[in-house]
Each structure stands twice: as C-alpha cells, then as structure tokens.
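Each chain, letter by letter, is given below.
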Amino acid sequence: MQHAVVDGKLSGDGQFTQKCHALLENQLGVGKALLTTSCTHALEMAAILLEIKPGDEVIIPSFTFVSAANAFVLRGARPVFADIRADTLNLDETKLEELITSRTKAIVVVHYAGVGCEMDAILEIAGRHGVPVVEDNAHGLLGKYKERYLGTMGCLATLSFHETKNFTCGEGGALLINDPRYVERAEIIREKGTQRSRFFRGEVDKYTWMDIGSSYLPSEILAAFLYAQLEAREVIQSTRKRIWEYYHEHLKDWARDRNVQLPAVPSHCEQPYHMFYLLVSSLAERQALIAHLSACEINSVFHYLPLHLSSMGRGFAGKEGDCPVTEDVSDRLVRLPFYNELTEADQTRVVAALKDFKRISG
Ligand SMILES: *Cc1c(COP(=O)(O)O)cnc(C)c1O
C-alpha cells in the first residue's frame, strides 16, 4: 500500500497491477489476466469482445447476480434464462441445449459458491453449436473442476474482488483470457479504445482511438491492496476452509434431522470456500429463521431473486414457471455469516442459534 504511494504512480497498470497479473497468470495457468474495476466491467468487456449485437441471445442462469445479464443487455442482447441443478445450484447442463437457437452468441456459466459447473458437458454442447462460453467466476477463484482451475475453461472468464468475495480490494475484478485471439483487443477496450497499453510497453510510438472502449483499469492503490491479499492466499484460504468445515461438521446431523439441505460439493470439484448456505423448507421458514437469527444478533442474508421474474426479466418475457428450480431455491436459501475474521466463538453462537430455532412448517 505504502509502496504504491511512494512510487508516485497512482493510476493503473503500474508495478502492482503487473504483479497481480503475473500472479494470476502463473497460479491459474491462464494466458492473460487483466485487472478491471469490477467483475461487472470484466463481463462488459467480455460482451464487447464477443461482439454481442442487438438481436443476439445470451444464455444466462436465472439464479445469479444481475451483472451477468446486464453486461450483455447493454450491447442489445436478449437474455435467455437457464434453470439450475437442485444440488449444486449451477446451470443445469441437461437443459442447456434446448435453449440454444441460431441467435445464441454466448453462454454464461456461474460457478455458484465456487463449486464448478459441469464443464465437460457444457463445453461439449457449446462447442457443437459453435457458441463461446464465458465463466463468471466471481465466487470461485482457486476452485477447481476435475483438476482444472475455474476460470480457465471458457474462452473468457471473470473474477470479482468486491468486498464480499474471498480476495478483495473493495471494488475490483479481472478478465481472464484463455483464447489468445482476444488479448490485443481486450487491452484496447480496457484503455478507452486506444492502444495505450502497447504504447507504455514501448511497442508503438503513439496511441490513438482504435475501437470502442472505456476505462476499465483500476488504480495502483487498489492493485497494491489486492496484491497483498493475493500474496496471502494460502492463509486466507485455510482460514475459510476452517470456517466452512466448522459449519459443516457442526450442522450436518442437525440438517439431516431437520431436512435442511447443505451445500453439495461433487467429488470432482475442489471448492474455494466462498460461502456456506442452508436450504430450508419454505419461504415462511426462511423468513422466520432470518428473524430468529437477527434476534440473536446474527446477520444472515439471502439471494438471488430470479432474474427472469425481475422487472427487467419480465420485460424479456420472463414468467413464473420458466425456471422452477431457481424459483424454488430462491425462496429457501439462507447464507450464514462467512468472512475471514469470523471466530470460532462467533460460529459456536451461530450454530447454537440455529439449533435453538423451532421450525414452523413441515
Ligand atoms: C459479486 C458478483 C458479481 C459482480 O461483481 P462486482 O465485482 O461487484 O462487479 C458478478 N457475478 C457474481 C456471480 C457475483 O457474485
């Protein structure tokens, strides 16, 4: 942090940004990583790189954060909402193919809670139809699917360094580029539509307006903060593993007895311990549980409201029944407190409060 200031360069793409890029590229084995101002902005860059145009369709899980849809809608695309699997809450690969049409220009997958989507099946279907896959890996940095890091399988992938994620600089993100064809243009789009990145590397002697673009690079101050977090990745991840396993160990019998579903992690996936959630039996039970925890001064939250039933989603013809698993899960999911500073004493209190909760419905 201090070094970023001392070096006198506060704008983007200085030494800390380069260090973050190198660390991500080396750790994940991706060809190119570019820090961005947010995961949302990395998704917007992906939509520009894939040349999404009005009338195009993009397949997106309904059960996700709004940015995956918005980034493509900004370019004029129509979102086509996919339902999720009831176990991992990831895009249901068995229902993917029926959503593909001649207008489908991208498939966005989200590795929910950092547990990998069924990428073999998804990439096979997408490949057969010639549709690029973008991985929204906001939850899943360092997670793996069949020994492969999440974010290395789609042609493009995005990361988030928002405060709520495992590694953070407050607001931030990254675009991971697995298909080298996109690298040169990505650098231009990220630097206001100019080849300023090449100019700074001394590869061209001036820079000028080449393409559409925006200012998608974060300041060195944020990159320095982020680099310190990324350097501490082993400590951070072992802390989060301990938190996740504590919840799992202390809640599994209770969950079985109470018919509460805990996160499912298939044996071929390595999760990065992003969140711990419960699926209770109904909306009423969830509301009662959140109120009960709140009375115990424990803050629990829920997400996501189905995108296809949002006012924007309905504008794209979304209606009840389109994504039944999403609609059901969205009513019943509760996230337990989960952050790096959470102590075992805090967790003991959360577990006790849960066990103290009197269920209100069958
Ligand atoms: C947090 C999140 C985003 C957005 O990240 P920002 O960095 O805040 O733009 C996008 N997708 C998913 C799945 C997220 O959880």
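Residues numbered from 1 in each chain as written. Predicted model: local features only at pLDDT ≥ 70, side-chain atom pairs only at ≥ 80, totals over all residues. Heavy atoms only, no water.

Caption draft 1: Expanded view of the site of the ligand. In the region of the ligand, 14 residues are neighbours, and Thr40, Asp136, His139, Ser160 and Lys165 sit closest. A distance of 3.3 Å separates an oxygen atom of the ligand from a polar atom in the side chain of Lys165. Here an oxygen atom of the ligand sits 3.4 Å away from a polar atom, N or O, in the main chain of Gly172. Coverage of the ligand by the protein chains reaches 93% of its 390 Å² of free accessible surface. According to the grid-proximity analysis, the pocket containing the ligand is the second largest pocket. Residue classes in the shell around the ligand are distributed as 5 nonpolar, 7 polar and 2 charged. (Near = heavy atom within 4 Å. Polar contact = N/O pair within 3.5 Å; in protein donor to acceptor, adjacent residues only side chain to side chain. Areas by Shrake-Rupley, 256 points an atom, 1.4 Å probe, with all protein chains shown as cover. 1 Å grid on protein atoms, 1.4 Å probe; cavity = no way out; pocket = protein on both sides within 12 Å on 5 of 7 lines; lining within 4 Å. Sits in = over half its atoms within 2 Å of the grid points. Nonpolar A, V, L, I, M, F, W, Y, C, P; charged D, E, K, R; others polar.)

Caption draft 2: Representation of the pattern of salt bridges within the structure. For the structure on display, the rule yields 31 salt bridges. In this structure, Arg128 engages Glu124 in a salt bridge whose closest nitrogen and oxygen atoms are separated by 2.7 Å. Of this pair, Arg128 and Glu124 both sit in helix α5 (residues 119-129), 4 residues apart, which is roughly one turn of the helix. Since its relative accessible area comes to 48%, Arg128 is described here as partly exposed. Several salt bridges share partner residues, and in doing so they unite Lys32, Glu184, Glu187, Arg198, Arg201 and Glu203 into one network. (Salt bridge = Lys/Arg side-chain N within 4 Å of Asp/Glu carboxyl O. Helix = DSSP H or I, 4+ residues; strand = E, 2+ residues; numbered from the N terminus. Buried < 20%, exposed > 50% of the residue type's maximum accessible area, 1.4 Å probe, protein only.)

Caption draft 3: Inspection of empty space enclosed by the protein at higher detail. All told, the structure shown has 5 cavities of 30 Å³ or more when counted by the stated rule. The computed volume of the largest cavity comes to approximately 70 Å³. Lining the largest cavity we find Asn137, Ala138, His139, Gly140, Leu141, Leu159, Ser160, Phe161, Lys165, Asn166, Phe167 and His274. Approximately 50 Å³ is the volume found for the second largest cavity. Lining the second largest cavity are Thr88, Tyr112, Ala113, Val115, Trp244, Pro263, Ala264, Val265, Gln271, Met275 and Tyr277. For the lining of the second largest cavity, the class distribution of residues is 9 nonpolar, 2 polar and no charged. Shared between two domains, the lining of the second largest cavity holds at least three residues of each, these being domain 1 (2-231) and domain 2 (233-300 + 336-356). (Points joined across faces, edges and corners; volume = space filled by probe spheres on them. Domains from an automatic or database assignment.)

Caption draft 4: Summary view of the side chain of Gln347. Positionally, Gln347 belongs in helix α13 (residues 344-356). Discounting chain neighbours no more than four positions away, the residues touching Gln347 are Ile243, Tyr246, Tyr247 and Leu342. (Contact = heavy atoms within 4.5 Å.)

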